[in-house]
Amino acid sequence: MFTGQRQPEKGGGKKVVVGYDLGEIVSQISFCSVEGGEAETVSAVAGTEQYNIPTVLCKRIGVNQWFYGKEALKYAKKEEGILVENLLTFAQRGEDVIVEGESFDPAALLTLFVKRSLSLLGMYISLDQVEAYMFTVENLNPRVVDVLSRVAGGLGLPAGHVFFQSHVESFYYYMLYQPRELWKNDVLILDYNAALHSVCMECNRKTTPQVVFINSREYRQIQRVIWSEKEDKRQEQKKDLESRFAEVVAQELAGNEVSTVFLLGDGFKENWMGESLKTLCRNRRVFQGNNLYSKGACSGALEKVEPSREGRNYVYLGQDKLKANVGMKVFRRGEESYFAILDGGVNWYEAAVDFEVILETGNQLEFIVTPLTGEGASGRSIRLEGLPERPKNTSRLKIHVEMSACDQVTVTVEDMGFGEIFPSSGKGWTQTIVV
């Protein structure tokens, strides 16, 4: 198990980071000291290991009073309030939520839920101790980033101290802070809530830095079971589930060297695993719990605040990551050098930079693309058609670089001229290069 923890003492003045796993059904909050140590998860019920906070609000009927989490479910069950679920989905759609005939901004409702749930931290730490917040969600995309940015702004969280990452990236950061023997080979997550899906982390140790890949699979044939109250039927359900799960285990382990397995989700709570569990445990470490992602968010926040030596030795390349370094060869103080523009490993939709160069001669810009997967560097050219002919080193260019997809870099160039000697032509160019 990796969920257990001691009850912390509040205060002490030490700086901490907070990892917030914002889920569609339930959410979790963990925190840890910037100085290091195991992350701890906030309990929704004091003195217990009930970490799941239902991601719901409930408006009390007839009055402007809102409840969140378990209390919201209680009032809704008593039919004393209107339950609002799917807060993250509503916020992404941007459609108003109608409650008792009144319209509410979905982002504001999500902000209210996050604010109320963060109050649970008050039992453990003072909020002025928080150095950084990392929000993690199952799937991160530009729309979710925009929603989470609005939530952070609505909470008044300090700019530059709030970060976002996906569950798979939280998995990577969680492992980065684990003993090396746990991930000497591949690491497998089997996550079973509404349905079963797998997440497998593997590392290419032949590159510098070493590149980490994470692949996911969905197994829609294994849905969450509604257990029968009849014992004989219940045993049939367990036998059927065990059989289908054993097939998944065999598929995941085939041809892979897996050193550690994590079983996540409420679907594993029933005692139904038999031979499949024995197979998983054969020459492997197996852990069961449900707070890996919020702890991984803490690890990700730590890397933002104080990058570790391990963090510098590895780079995670997920589906949303730029998988190459992009730069240019430039002259500085008479010597040729490499000018880094975009660093591989960043989220493509967060990669953007502005800079200026002075073109030596001609009307062409040369970019260097160096894949992080160990392949050789290659060049990409952009021709500036119509750029006025000028003497050497008298064309100043303003350049904006951003990504339009995970493998596409859009370059916008503006002719700035060269002072009063050669005024700007007013020309501009936009071109996309594949990386």
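Located above this text is the structure these notes cover.
Residues numbered from 1 in each chain as written. Predicted model: local features only at pLDDT ≥ 70, side-chain atom pairs only at ≥ 80, totals over all residues. Heavy atoms only, no water.

Visitor: Explain the overall build of the chain to me, using residue names and the numbers behind them.
Guide: Helix and strand counts for the chain stand at nine helices and 25 strands. Out of the 435 residues in the chain, the part that is buried amounts to 47%. Long-range pairs, those at least 24 residues apart, make up 64% of the contacts in the chain with a sequence separation of at least 6. Accessible surface, the chain: about 21800 Å² in total, of which carbon and sulfur atoms supply 47%. Separation between the mean location of the 49 positive side-chain charges and that of the 58 negative ones in the chain comes to 3 Å. (Helix = DSSP H or I, 4+ residues; strand = E, 2+ residues; numbered from the N terminus. Buried < 20%, exposed > 50% of the residue type's maximum accessible area, 1.4 Å probe, protein only. Contact = heavy atoms within 4.5 Å. Areas by Shrake-Rupley, 256 points an atom, 1.4 Å probe, with all protein chains shown as cover. Lys, Arg positive; Asp, Glu negative; His and termini not counted. Charge placed at Lys NZ, Arg CZ, Asp CG, Glu CD.)

Visitor: Tell me about the side chain of Asp-415, and name the residues and values.
Guide: Tracing the backbone through its elements, the reader meets Asp-415 in strand S24 (residues 408-417). Accessibility expressed as a relative area gives 0% for Asp-415, which makes it buried.

Visitor: I'd love a proper account of helix H8 (residues 292-305), names of residues and values included.
Guide: Taking 1.5 Å as the rise per residue, H8 with 14 residues should run 20 Å; its terminal C-alpha atoms sit 20 Å apart, in good agreement. Among the 14 residues of H8, 12 are classified as buried, and the element is accordingly described as predominantly covered. Buried within H8 we find Leu-292, Tyr-293, Ser-294, Lys-295, Gly-296, Ala-297, Cys-298, Ser-299, Gly-300, Ala-301, Leu-302 and Glu-303. (Expected span 1.5 Å × (residues − 1).)

Visitor: Tell me what's going on with the packing of aromatic side chains, and back it up with residues and numbers.
Guide: Under the counting rule described, the total for this entry stands at 18 aromatic pairs. Judged by centre distance (6.4 Å) and plane angle (45°), the rings of Phe-135 and Phe-164 are tilted. Of this pair, Phe-135 sits in strand S10 (residues 130-137) while Phe-164 sits in strand S11 (residues 162-166), and the two are 29 residues apart along the sequence. Measuring from centroid to centroid gives 5.1 Å for Phe-339 and Phe-355, while their planes differ by 65°, and the two rings are edge-to-face. You can see Phe-339 sitting in strand S19 (residues 335-342) and its partner Phe-355 sitting in strand S20 (residues 352-359), a full 16 residues away along the chain. By the ring-pair criterion, three or more aromatic residues cluster together here, those being Tyr-192, Phe-245, Phe-268 and Trp-272. Of note, Lys-78 hangs over the ring of Tyr-75, and the distance from its end group to the ring centre comes to 5.1 Å. Sitting above the plane of the Trp-183 ring, Arg-180 keeps its charged end 4.8 Å from the centroid. (Phe/Tyr/Trp six-rings, centres within 6.5 Å; stacked < 30°, edge-to-face > 60°. Lys NZ or Arg CZ within 6 Å of the ring centre and 35° of its normal.)

Visitor: Give a detailed account of the pattern of salt bridges, specifying residues and quantitative values.
Guide: Going through the model one piece at a time under the given rule, you end up with 17 salt bridges. In this structure, the salt-bridge partner of Glu-218 is Arg-220, at a minimum N-O distance of 3.0 Å. Note that Arg-396 and Glu-356 form a salt bridge whose closest N and O atoms lie 2.9 Å from each other. On the criterion of sequence distance, the pair formed by Arg-396 in strand S23 (residues 395-405) and Glu-356 in strand S20 is long-range, its members being 40 residues apart. For Arg-396, a relative accessible area of 26% gives the class partly exposed. For Glu-356, a relative accessible area of 45% gives the class partly exposed. Each of Arg-60, Lys-78 and Glu-80 takes part in salt bridges that share partners, so that together they form one network. (Salt bridge = Lys/Arg side-chain N within 4 Å of Asp/Glu carboxyl O.)

Visitor: Which residues make up the environment of Val-99, and what values go with them?
Guide: The topology assignment puts Val-99 in strand S8 (residues 97-99). Note on Val-99: relative accessible area 2%, which makes it buried. Those residues in contact with Val-99 that lie beyond four places of it in its chain are Lys-59, Trp-66, Ile-82, Val-84 and Phe-104.

Visitor: Please set out helix H1 (residues 69-77) residue by residue, giving values where relevant.
Guide: Where H1 is concerned, the buried positions are Gly-69, Ala-72 and Tyr-75. End-on view of H1: buried residues confined to an arc of 110°, all on one side of the axis. Two residues or fewer after H1 comes Glu-79, characterised by a positive phi angle close to 60°. (Arc of directions from axis to C-beta.)

Visitor: Give a description of the sheet that holds S19 that names residues and reports values.
Guide: Taken in spatial order, the four strands make up an open sheet running S19-S18-S21-S22, and their pairing is antiparallel. Two strands lie at the open edges of the sheet, namely S19 and strand S22 (378-383), each paired on one side alone. Ignoring which end each strand starts from, the neighbouring axes of this sheet average 35° apart. Sheet topology places strand S18 (residues 324-332) next to S19; seven bridges connect them, and they run antiparallel. Paired with Val-330 across the strands is Ser-337, a residue of S19. (Pairing = 2+ DSSP bridges. Axes fitted to C-alpha atoms, helices over the stretch in contact; angles between N-to-C directions.)

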